[in-house]
Amino acid sequence: MKITRITVFQIDLPLEHPYWLSGGRLKFEVLDATLVKVETDAGITGWGEGTPWGHTYVPAHGPGIRAGVETMAPFVLGLDPRKVLDVERAMDLALPGHLYAKSPIDMACWDIAGQAAGLPIADMMGGASRTPRAIASSVGAKTVEETRAVIDRYRQRGYIAHSVKIGGDVARDIARVRDVEDMRRPGELVLYDVNRGWTRQQALRVMSATEDLHVMFEQPCETLDDIAAICPKHAAPVSVDESLVTLQDATRIARDGLAEVFGIKLNRVGGLTKAARMRDVALAHGIDMFVMATGGSVLADAEALHLAATIPDANCHAVWACQDMLTVDIASGRGPRNVDGHLHLPETPGLGVHPDEELLGDPVATYA
Ligand code: MG
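Position labels on residues start from 1 in each chain and follow its written sequence. Two thresholds apply to this predicted model, a pLDDT of at least 70 for residue-level local features and 80 or more for giving and counting side-chain atom pairs, whereas whole-chain, interface and lining totals are computed over all residues. Excluded from the side-chain calculations are hydrogens and water; all other atoms, namely the structure's heavy atoms, are used.

## Some details on the overall build of the protein
Stated formally: Numbering of helices and strands runs from the N terminus, with a helix taken as a DSSP run of H or I at least four residues long and a strand as a DSSP run of E at least two residues long. What the globule rule says is 2.2 Å times the number of residues to the power 0.38, and the radius of gyration is computed from C-alpha atoms. The buried label applies to any residue whose accessible area, calculated with a 1.4 Å probe on protein chains only, is under 20% of its type's maximum; exposed applies above 50%, and partly exposed to all values in between. We call two residues contacting when some pair of their heavy atoms lies within 4.5 Å. With residues, only the protein chains shown are counted as cover, and all accessible areas are computed by Shrake-Rupley using a 1.4 Å probe. We score Asp and Glu as negative and Lys and Arg as positive, and we do not count His or the chain ends. The atom standing in for a charge is NZ when the residue is Lys, CZ when it is Arg, CG when it is Asp and CD when it is Glu.
Looking only at helices and strands, one finds twelve helices and 13 strands in the protein. A compact globule built from 368 residues should have a C-alpha radius of gyration of about 21 Å, and the protein, at 20 Å, falls within 12% of that. Each principal axis of the C-alpha atoms in the protein carries an extent, and together these give about 60 × 40 × 35 Å. Relative to its 368 residues, the protein shows a buried fraction of 58%. Taking as baseline every contact in the protein between residues at least 6 positions apart, the subset at least 24 positions apart corresponds to 71%. As displayed, the protein has an accessible area near 14100 Å², and 53% of this comes from carbon and sulfur atoms. For the protein, the separation between the mean place of its 36 positive charges and that of its 49 negative charges on side chains is 2 Å.

In structure tokens form, the structure reads like this:
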């Protein structure tokens with residue numbers, strides 16, 4: 001089987017609510033999504049998506065994905081998409097780094113491999129759990145009343161996992177953690193996501209002031225060096241996501257004991273092929289996982305769900321469904337959707353959902 005054509009689409013995915021990142025980074029209202037359609041001489045077509053969480057969050061750039069695909073396409077055309085390692089090496093040779101530009105092609109290749117084998121991607125990756133995965137909410141509200149209202153709204157839809165955004169002001173963050181812990185119900189999972197918003201000193205002040213609560217903080221500081229520096233000085237469990245980009249990051253975090261949880265963002269780390277290695281490093285070191293696409297439509301959520309299904313139930317905390325934050329749906333209700341706060345693995349071969357191509361507009365590029 002050979003890849004014969006790669007067609008690229010760009011679509012804006014408007015957010016239902018504008019999003020402000022902590023630390024004074026710019027707000028954004030629209031996600032810039034790149035959809036990649038990969039065709040083969042066997043008549044099987046795969047789809048991939050790359051949707052960074054805005055341009056100001058981390059080094060991942062919507063137009064950069066399209067430029068990266070243009071650079072990599074000549075090296076990928078003619079390869080067998082079922083041989084995902086061959087495709088991965090071709091992309092790494094053609095364009096060192098730029099992992100976020102590679103994930104859509106990797107995703108489309110896994111989609112094709114699954115369809116060719118008659119298996120969902122998660123089973124193609126070695127076998128998958130059918131236990132539905134809890135979806136984590138994203139709670140950005142500021143006041144106690146607003147926070148309670150947002151969490152209650154998610155609870156009514158079945159959510160039991162919540163990612164509460166904090167970071168910036170020490171006194172306010174300490175109060176916010178205590179307020180949310182007061183409203184936490186038995187069985188609910190709450191992760192306090194700092195999004196790199198604290199200096200080392202701010203992190204230690206909040207962590208020591210909330211030590212009695214035994215709560216988990218995600219990405220408390222900017223870099224792994226910062227997280228390593230504070231590590232011996234606090235007892236709080238830590239999840240790392242923004243600083244988990246390469247396999248070397250994963251091995252450093254595991255070896256040095258910098259985090260108890262990996263937040264694996266598939267677009268950021270370069271797709272399923274690279275993320276699967278991080279999963280194995282995590283499992284070998286007693287590290288649990290959250291899995292997310294980074295952003296995007298139901299296609300991106302489906303990709304994340306496939307990886308999450310390959311993680312043993314006990315080690316997979318939750319997934320995230322960005323689709324619920326968007327005002328457009330490119331797959332008209334198909335694919336894995338929120339059912340009582342959980343996503344169920346599609347049993348259809350491959351990714352399990354393709355977009356309605358007519359909703360994507362004209363292609364922005366075709367390589368053949
Ligand atoms: Mg996070």
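## A closer look at unusual backbone geometry
Unusually for a residue other than glycine, Asn195 sits at a positive phi of about 50 degrees. Within the secondary structure layout, Asn195 lies in the loop between strand S6 (189–193) and helix H7 (200–209). Positive phi, close to 120 degrees, is recorded for Thr294, a residue that is not glycine. Counting through the fold element by element, Thr294 comes out in the loop between strand S10 (288–292) and helix H12 (298–309). A residue is classified by how much of its surface remains accessible, and Thr294, at 6% relative accessible area, is buried.

## With respect to the coordination of the magnesium ion
Just so we agree on the cut-off: Sodium, potassium and calcium take a 3.2 Å donor cutoff, other metals 2.8 Å, and in both cases only N, O and S atoms count; water is not among them, so sites may look incomplete.
The coordination sphere of the magnesium ion, as far as protein atoms go, consists of Asp193 (OD), Glu218 (OE) and Asp241 (OD), spread over 2.1 to 2.3 Å. Binding-site remark: the magnesium ion is held by donors from one chain whose sequence spacing is D-x24-E-x22-D. One end of the pair, Asp193, is in strand S6; the other, Glu218, is in strand S7 (residues 216–218), with 25 residues separating them in the sequence.

## So, the state of the cysteines
The criterion, for reference: Cysteine sulfur pairs qualify as disulfides if the two atoms are within 2.5 Å.
Within this structure, the stated rule accounts for zero disulfides. Not part of a disulfide, Cys221 finds its nearest cysteine sulfur in Cys231, a span of 11 Å. Looking at Cys221, the relative accessible area reads 0%, which means it is buried. The thiol sulfur of Cys322 is not disulfide-bonded, and the nearest other cysteine sulfur, from Cys316, lies at 18 Å.

## Topic: the environment of Gly350
Structurally, Gly350 can be placed in the loop between strand S12 (342–343) and strand S13 (365–367). Taking relative accessible area as the criterion, Gly350 reaches 0% and is therefore assigned buried. Separated by 175 residues in the primary sequence, Gly350 and Ala175 have C-alpha atoms spaced 46 Å apart. Aside from chain neighbours lying at most four places away, what touches Gly350 is Asp111, Gly114, Gln115, Leu119, Pro120, Ile121 and His306.

## Overview of the pattern of salt bridges
Convention followed: Whenever Lys or Arg places a side-chain nitrogen within 4 Å of a carboxyl oxygen from Asp or Glu, that contact is recorded as a salt bridge.
All told, the structure shown has 27 salt bridges when counted by the stated rule. One salt bridge connects Asp152 with Arg155, and the closest N-O pair in it is separated by 2.9 Å. One end of the pair, Asp152, and the other, Arg155, are both in helix H5 (residues 144–156), three residues apart, so they sit about a helical turn from each other. The exposure class assigned to Asp152 is partly exposed, which follows from its relative accessible area of 26%. A relative accessible area of 14% places Arg155 in the buried class. Of the charged contacts in the structure, one is a salt bridge between Arg334 and Asp356, with a shortest N-O distance of 3.1 Å. With Arg334 in the loop between strand S11 (316–320) and S12 and Asp356 in the loop between S12 and S13, this residue pair connects regions lying 22 residues apart in the sequence. When salt bridges with common partners are traced through the structure, they connect Glu88, Asp92, Lys102, Lys274 and Arg277 into a single cluster.

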